[in-house]
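A look at the structure
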Amino acid sequence: MTRRPARSLDDTLTYARAAALLRYDPGLGALYWRAGKHNGARADTKGWARYRRVQIDGVRYLAHRVIWLLRTRAWPRKGAIDHRDGDGHNNRWGNLREATAIENSYNISAFRSNRSGLKWVRTKRDGSFQATVQLYLGTFDTARAAHEVARRFVARHHGQFFNPGRTRGAAKAERRI
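Since the model is a prediction, treat every value here as computed from it, not as a measurement. (Residues numbered from 1 in each chain as written. Predicted model: local features only at pLDDT ≥ 70, side-chain atom pairs only at ≥ 80, totals over all residues. Heavy atoms only, no water.)

**Side note on the pattern of salt bridges**
What counts, and what does not: Any Lys or Arg side-chain nitrogen located within 4 Å of an Asp or Glu carboxyl oxygen qualifies as a salt bridge. Note on conventions: DSSP H or I runs of at least 4 residues are helices, E runs of at least 2 residues are strands, and numbering of each starts at the N terminus. Burial classes follow relative accessibility: with a 1.4 Å probe on protein chains only, a residue under 20% of its type's maximum area counts as buried, one over 50% as exposed, and anything between as partly exposed.
In this structure the tally under the stated criterion is 6 salt bridges. One salt bridge connects Glu-148 with Arg-152, and the closest N-O pair in it is separated by 3.4 Å. Here Arg-152 and Glu-148 lie together in helix α4 (residues 143–158), a separation of 4 residues that amounts to about one turn. Overall, Glu-148 belongs to the partly exposed group, its relative accessible area being 29%. Salt bridges sharing partners connect three or more residues here, namely Arg-42, Asp-44 and Arg-52.

Written as structure tokens, this is what we have:
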């Protein structure tokens, strides 16, 4: 049995239908059933991917998109919903914001294969550190110096979507600095 991915860009669900079936708790970021045999039960589930989802009328939807529909009465105009803290399971209203796909990509953490442990910093074979965001920013003697240059660049160009956090293995990076 193959898994079908949750639909992320499907506007077949209307606000009226979603509001009739679901209740949203903005403090918990959870969806609950309003009617039927599951009345009051949690409607959104942890999917096998990074996001919670909900199944309505046999169609799976990303829970944060349904929440956006319930709160604004419209599907996101820009196409994506960004989780400010990067946690796809945190669907509290204050953690969600509309974004383009590019703006949403600014909010990712360091890749698992990143040996420096710092976002935007790559360890080179000669032991130096290269800062790269959307373009080459230079090579530096320390990971901290490379990260600071990249951080300043991103802060200037990514605006409200600037997120310097969620580096991987920060302790490992500190030992090298």
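**Let's talk about helix α2 (residues 63–72)**
Counting buried positions along α2 yields 8 of 10 residues, so the element is predominantly enclosed. One or two residues past the end of α2 sits Arg-73, with phi positive at roughly 65°.

**Some thoughts on the sheet that holds strand β4 (residues 52–56)**
Threshold: Strand pairing follows a simple DSSP-based rule, namely that at least 2 bridges must link the two strands. Contacts are assigned to residue pairs with any non-hydrogen atoms lying within 4.5 Å of each other. Between N-to-C directions, angles cover 0 to 180 degrees, with each direction set by a line fitted to C-alpha atoms, over the stretch in contact for helices.
Reading across from one edge, β3-β4-β5 is the order of the 3 strands in this open sheet, with antiparallel pairing throughout. In this open sheet, the two edge strands, each paired with only one partner strand, are β3 (45–46) and β5 (59–62). Seen against the sheet, α2 touches β4 and β5 and runs at an angle of roughly 80° to β5.

**Topic: the sheet that holds strand β10 (residues 136–140)**
The strand order β8-β9-β10 describes an open sheet built from 3 strands, whose pairing is antiparallel. Each having just a single partner strand, β8 (121–123) and β10 make up the two edges of the open sheet. With strand direction ignored, the average angle separating the axes of adjacent strands in the sheet is 25°. Strand direction decides the pairing type here: β8 and strand β9 (residues 129–132), joined by 3 bridges, are antiparallel. The partner of Arg-122 across the bridge, within β9, is Gln-130.

By themselves these figures say nothing about function.
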